[in-house]
Amino acid sequence: MEGIKFNKIGVSFKGSGSYVPDQILTNQKISQKVDTSDEWIKTRTGISERRISGLGCNVTDMGYEAALNAIAMANWDIKTVDLIILATSTPHDLFGSAPSIQHKLGAYNAVAFDLTAACSGFLFALITASQFLKGGSFKRAVVIGADQLSSFVDWNDRRSCILFGDGAGAIAIEATNEFDNVIGFEMKTDGERGSFLNLPFKNDKDSIIDNIDFLRGGFSPIQMNGQEVYKFAVKEVPIILKKLFKTTNYSSERVDWLVLHQANQRILDSVGDKLKIPREKILSNLEKYGNTSAATIPLMIDEAIRNNKIKQHDIIATSGFGAGLSWGAALIKWG
Ligand code: COA
């Protein structure tokens, strides 16, 4: 990055892409592993199945495929991409996976880095990238959300393992001096409530030599207080969206689509009811994929664009929320 290069004021949405692994884990199959049932999972969450990445497919592979699709829809020469941000909590390399995606894409003129904010990750990365574009530092950015939570789920814990799956989504955005299609955004975190949802460091003590201890690297499986996370989401997400409508002078009636982080159908319905947004405007695909963490929002947007639901100039209210705790919202116009 070399300071201000472009005199741009806004962001335009140019393309979307997504990728999910082939392996399908149905509710019925999970019930062979833990004491649960298809009916329980469907009723409590809306999820029927999820994708599991397995051998030979990791976050870098999924993120690459999603980015490639988004760049193809944008019809960009790969060498014109300036910035790649990968939102992930499950990188294939803790030092960062975005540069590997940059390399696989051949996007040699881009700077690429990871951003971690769990299920809010994509939203936070989109806002970060859009600020770089609005500030004039970069012209073309690809924002990726990709996660492989299957590697960190406790597959013996029926209270959490039913929720999560693997996948990736990406959005291509461009700076423009004609308009700004990131109409507004809000971001929040609250570390005090962080213990409700964790993928914590293991704290495995070891010694290098006598009296010099160190902690061996490694992570424990996901720990979740489902009820508290549920209460947090149905309370905070409507509040932040209402605040966003107020600051942008928009009303919920002007919204064409509500794209929430796909965590639980009951959360989606409850947020929609509180905002008086009718069910047909609330996009949902968690029946097929479950909660893919940072991937859910771009995965949902990409599916809706390719199915001709989201059309040019549609207004999308979106909100990500999850571990941290972290949450945020953005009001965007597609195109
Ligand atoms: N199958 C069958 N029974 C299950 C079960 C499962 N997979 N998981 C929990 N149960 C049981 C519990 O043991 C409990 O039994 P008990 O009453 O005999 O003790 C009962 O079902 C109710 O459990 P509870 O935790 O109150 O269920 P719930 O209605 O809150 O649903 C979640 C659980 C996890 C689906 C729900 O809390 C949720 O979705 N929370 C948000 C989680 C989330 O979105 N996390 C990611 C955020 S990014």
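That block above? That's the structure.
All values derive from a computational prediction rather than experimental measurement.

### With respect to the side chain of Asn27
Then comes step 1: Structurally, Asn27 can be placed in helix α1 (residues 27-30).
Then comes step 2: Setting aside anything within four residues of it in sequence, one finds Asn27 in contact with Asp38, Ile41, Lys42, Ile47, Ser48, Glu49 and Arg50.

### Brief notes about a nonpolar patch on the surface
Then comes step 1: A cluster of nonpolar residues, Leu94, Phe201, Leu215 and Phe219, forms a patch on the protein surface that exposes about 390 Å² of accessible area.
Then comes step 2: With respect to the element layout, Phe219 can be found in the loop between β11 (212-216) and β12 (223-224).

### Regarding the pairing of strand β14 (residues 315-322)
Then comes step 1: Counting buried positions over the eight residues of β14 gives eight, a clear majority of the element.
Then comes step 2: Side chains Ile315, Ala317, Ser319 and Phe321 of β14 all project onto a buried face; the interleaved residues Ile316, Thr318, Gly320 and Gly322 project onto the opposite face, where all are buried too.
Then comes step 3: Looking at chain direction, β14 and strand β15 (residues 326-333) are connected through eight bridges and run antiparallel. Note that in β15 the partner of Gly320 across the bridge is Gly328.
Then comes step 4: Hairpin connection between β14 and β15: a loop of three residues separates the two successive antiparallel strands, and Gly324 in this loop has a positive phi of roughly 140 degrees.

### Overview of the pairing of strand β13 (residues 257-260)
The side chains of a regular strand alternate between both faces of the sheet.
Then comes step 1: Residue alternation in β13 divides its side chains into two sets, Trp257 and Val259 and Leu258 and Leu260, and both sets are buried.
Then comes step 2: Alignment of β13 against β14, held across four bridges, turns out to be parallel. Residue pairing across strands places Val259 opposite Thr318, the latter belonging to β14.

### As for the packing of helix α3 (residues 59-74) against helix α4 (residues 98-105)
Then comes step 1: Between α3 and α4, the shortest axis-to-axis distance is 9 Å and the interhelical angle comes to 50 degrees. The angle between α3 and α4 falls in the class oblique. Of the two possible hands of crossing, α3 and α4 adopt the one that is right-handed. Taking contact as the criterion, the partners of Val59, Thr60, Asp61, Gly63, Tyr64, Ala67, Leu68 and Ile71 in α3 are, on α4, Ser100, Ile101, Lys104 and Leu105.
Then comes step 2: Within the contact of α3 with α4, the residues separate by chemical class into seven nonpolar, three polar and two charged.

### What about the pattern of salt bridges?
Then comes step 1: Counted under the stated rule, the structure contains 18 salt bridges.
Then comes step 2: Between Glu174 and Lys14 there is a salt bridge; the shortest N-O distance is 3.9 Å. Of this pair, Glu174 sits in strand β7 (residues 166-176) while Lys14 sits in strand β1 (residues 10-19), and the two are 160 residues apart along the sequence.
Then comes step 3: By relative accessible area, which is 11% here, Glu174 ends up buried.

### Quick look at the state of the cysteines
Then comes step 1: Taken as a whole and assessed by the stated rule, the structure comprises zero disulfides.
Then comes step 2: Of the cysteine sulfurs around Cys57, a residue in no disulfide, the closest is that of Cys119, at 19 Å.
Then comes step 3: For the unlinked cysteine Cys119, the closest cysteine sulfur is that of Cys161, found at 16 Å.
Then comes step 4: According to the relative accessible area criterion, Cys119 is buried, its value standing at 8%.

So, how was this worked out
Residues numbered from 1 in each chain as written. Predicted model: local features only at pLDDT ≥ 70, side-chain atom pairs only at ≥ 80, totals over all residues. Heavy atoms only, no water. Helix = DSSP H or I, 4+ residues; strand = E, 2+ residues; numbered from the N terminus. Contact = heavy atoms within 4.5 Å. Patch = residues over 30% accessible without salt bridge, like charges linked within 9 Å, V, L, I, M, F, W, Y side chains within 5 Å. Areas by Shrake-Rupley, 256 points an atom, 1.4 Å probe, with all protein chains shown as cover. Salt bridge = Lys/Arg side-chain N within 4 Å of Asp/Glu carboxyl O. Buried < 20%, exposed > 50% of the residue type's maximum accessible area, 1.4 Å probe, protein only. Pairing = 2+ DSSP bridges. Axes fitted to C-alpha atoms, helices over the stretch in contact; angles between N-to-C directions. Parallel < 35°, antiparallel > 145°, perpendicular 65-115°, else oblique. Left-handed = near helix turned anticlockwise from the far one by under 90°. Nonpolar A, V, L, I, M, F, W, Y, C, P; charged D, E, K, R; others polar. Disulfide = S-S within 2.5 Å.

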